[in-house]
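# Results of the structural survey
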Amino acid sequence: MAMPEPPFDDLYREVILDHAKKPRNRGRLADRTQHAEGMNPVCGDEIALDLRVAGDRIADIAFEGQGCSISQSSASMLTERLKGTTIDEAARVAASFKAMLIAGATPAPELGDLEALHGVAKFAVRVKCALLCWNVLQEGLEQARRQLARGGT
Ligand code: ZN
């Protein structure tokens, strides 16, 4: 059973709920090159990510999952933001996102819509919900880096 959402400012709440209700890039990739998944038992959130990495670029990305609106909207925004970026850029965005949530850093401009989740930093127990998909992503990026190092794709 997912936790109820904390009281966000209205503007951000709208962005978060929009992504939670109409998730972008939801589904699986038949031609994926990487797959990673994880869960947040505290809240019951689950996220699985498919990546199709071509060269050093994320050519396509999709997610499946269930759980609270924070975990699902974070994943939806992640896929929207990272589709078409390089692995290095994706790692930078992930680092900026974590800095915003864990260290309470001012949202970096490169985060785009993901800024809407900055209020989650105030709710320690929910930070895990927002970070779940990013931890899954980092595993996928590491897989992609190992594949690149081997000269694959
Ligand atoms: Zn959650």
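Just above, that's the structure.
Computed from a predicted structure; not experimentally measured.

Conventions and cut-offs
- The residue numbers shown here count from 1 along each chain, following its written sequence.
- pLDDT decides what is reported in this predicted model: residues at 70 or higher carry local features, side-chain atom pairs at 80 or more are listed and counted, and totals for whole chains, interfaces and linings draw on all residues regardless.
- Only heavy atoms go into the side-chain values, all of them from the structure, while hydrogens and water stay out.
- Whether two strands pair comes down to DSSP finding at least two bridges between them.
- Secondary structure follows DSSP: runs of H or I at least 4 residues long count as helices, runs of E at least 2 residues long count as strands, and numbering of each begins at the N terminus.
- Keep in mind that water is not among the atoms, so a site may look incomplete; donors are the N, O and S atoms within 2.8 Å of the metal, or 3.2 Å for Na, K and Ca.
- Residue exposure (1.4 Å probe, protein chains only): buried if accessible area is under 20% of the type maximum, exposed if over 50%, otherwise partly exposed.
- Buried Ala, Val, Leu, Ile, Met, Phe, Trp, Tyr and Cys residues form a nonpolar core when they are joined through side-chain atoms within 4.5 Å.
- When checking whether two residues touch, look at their non-hydrogen atoms; a contact exists if any pair is within 4.5 Å.

Direction of pairing for strand E2 (residues 45-54) relative to strand E3 (residues 57-66): antiparallel, over a ladder of 9 bridges. Directly across from arginine 52, in E3, lies its bridge partner aspartate 60. The hairpin formed by E2 and E3 contains 2 residues between the paired strands, and glycine 55 there has a positive phi angle of roughly 65°.

Ligation of the zinc ion by protein atoms is provided by Cys43 (SG), Asp45 (OD), Asp45 (OD), Cys68 (SG) and Cys129 (SG), these donors lying 2.2 to 2.7 Å from the ion. The sequence pattern formed by the donor residues of the zinc ion is C-x1-D-x22-C-x60-C. In this pair, aspartate 45 sits in strand E2 while cysteine 129 sits in helix H4 (residues 124-149), placing the two residues 84 residues apart along the sequence. Among the residues examined, cysteine 129 registers a relative accessible area of 0% and is labelled buried.

Here we come to the nonpolar core. Counting residues in each nonpolar core, the largest one holds 40 residues, and the members touching the most others are Phe97, Trp134 and Leu137. Breaking this core down by element, the ones donating at least two residues are E2, E3, helix H2 (69-82), helix H3 (87-102) and H4. Filtering out sequence-adjacent residues up to four positions away, tryptophan 134 remains in contact with Ser74, Leu78, Leu82, Val93, Ala94, Phe97 and Leu114.

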